[in-house]
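Topology and contacts: notes
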Amino acid sequence: MTATIAREARTSTAAPAKTKVTGIVVGASRIVISFLFGFHGLQGFGFFGGIDGQGGGVPFGSFPGWWGSVLELVGALLLLVGLASRPAAILLSGVMAFAYFTVHAPMGLLPLQNMGEPAAVYSWVFLLFAAVGPGRFALDNLIKRRR
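Per an unreviewed UniProt entry, the protein is named Integral membrane protein, and its organism is Amycolatopsis bullii. Under the UniProt heading Subcellular location (unreviewed entry), the entry covering the protein gives this text: "Cell membrane". In UniProt, the protein has this text filed under Sequence similarities (unreviewed entry): "Belongs to the DoxX family."

What follows is the structure in structure tokens.
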């Protein structure tokens with residue numbers, strides 16, 4: 001009986017610390033990954049070497065290139081600040097899955113063969129953020145607390 005009480009005491013004190021650390025790690029990961037992903041959206045507009053390495057951007061209004069860049073940039077900004085995090089993460093996961101299957105998959109079976117590894121990884125990471133939430137440091141949390 002005392003072993004059970006001691007086990008419950010250890011579990012109850014360890015759980016909040018683990019949850020707090022997990023929230024911090026998820027929040028920091030969300031910020032870093034969305035910051036890095038935003039540069040991909042900017043490349044579509046000709047920044048950071050553009051889509052061709054020479055500063056070229058996708059033609060205005062073209063589908064899927066220009067609209068994909070808009071979604072990448074807006075979604076990355078929303079995820080960066082943690083506003084509408086889950087919907088933004090679902091949208092970005094879908095954008096990257098679309099990019100993988102329409103651009104990369106026709107060139108080869110595996111992501112290493114078709115240069116689609118970044119698209120595949122981003123798609124799964126954004127799906128993870130949609131499932132677990134934004135973690136700490138998100139405007140969503142601040143808005144929720146004020147209600």
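When the UniProt feature table is mapped onto this chain, "transmembrane region" (unreviewed entry) is found at residues 21-43, 63-81, 88-107 and 119-139. Structurally, residues 21-43 is divided into 100% helix and 0% strand, and its ends, taken at the C-alpha atoms, are 34 Å apart. Counting secondary structure, residues 88-107 comes out at 85% helix and 0% strand; the distance between its end C-alpha atoms is 28 Å.

What follows deals with the layout of surface pockets. To find leftover empty space, a probe the size of one water molecule is rolled over the atoms. Each pocket or cavity is described by its volume, and for the largest pocket that value is around 670 Å³. Lining the largest pocket are 26 residues; nearest its centre among them are Glu72, Met96, Ala99, Val103 and His104. Where the lining of the largest pocket is concerned, the elements lending two or more residues are helix H1 (2-43), helix H2 (65-81), helix H3 (85-104) and helix H5 (117-132). Per-element accounting of the lining of the largest pocket gives the leading share, eight residues, to H3. A per-class count over the lining of the largest pocket returns 16 nonpolar, nine polar and one charged.

Across its 16 residues, H5 extends 23 Å between first and last C-alpha, which sits within 8% of the 22 Å expected from 1.5 Å per residue. Where H5 is concerned, the buried positions are Ala119, Ala120, Tyr122, Ser123, Phe126, Phe129 and Ala130. Taken from the residues just after H5, glycine 133 is the one with a positive phi, measuring 95°.

The rules we used
- Every chain begins its residue count from 1, and numbering advances along the sequence as written.
- Whole-chain, interface and lining totals are the exception, using all residues; otherwise, since this is a predicted model, local features are given only for residues with pLDDT of at least 70 and side-chain atom pairs are given and counted only at 80 or more.
- Think of the side-chain values as coming from all heavy atoms in the structure, minus any hydrogens and water.
- UniProt positions are given in the numbering used here, feature names are shortened, and annotations may be inferred rather than shown by experiment.
- Every helix listed is a DSSP run of H or I at least four residues long, and every strand listed is a run of E at least two residues long, numbered separately from the N terminus.
- Method remark: on a 1 Å grid restricted to protein atoms, a set of points is classed as a cavity if a 1.4 Å probe fits but cannot get out and as a pocket if it is open with protein on both sides within 12 Å along at least five of seven lines; lining residues have an atom within 4 Å of a point.
- Grid points are joined across faces, edges and corners, and a volume is the space filled by probe spheres set on the points.
- Any residue that is not Ala, Val, Leu, Ile, Met, Phe, Trp, Tyr, Cys, Pro, Asp, Glu, Lys or Arg is counted as polar, Gly included; the first ten are nonpolar and the last four charged.
- Multiply 1.5 Å by the residue count of a helix minus one, and that product is the helix's expected span.
- Throughout, exposure labels follow a simple rule: accessible area from a 1.4 Å probe, protein chains only, divided by the maximum for the residue type, with under 20% read as buried, over 50% as exposed, and the rest as partly exposed.

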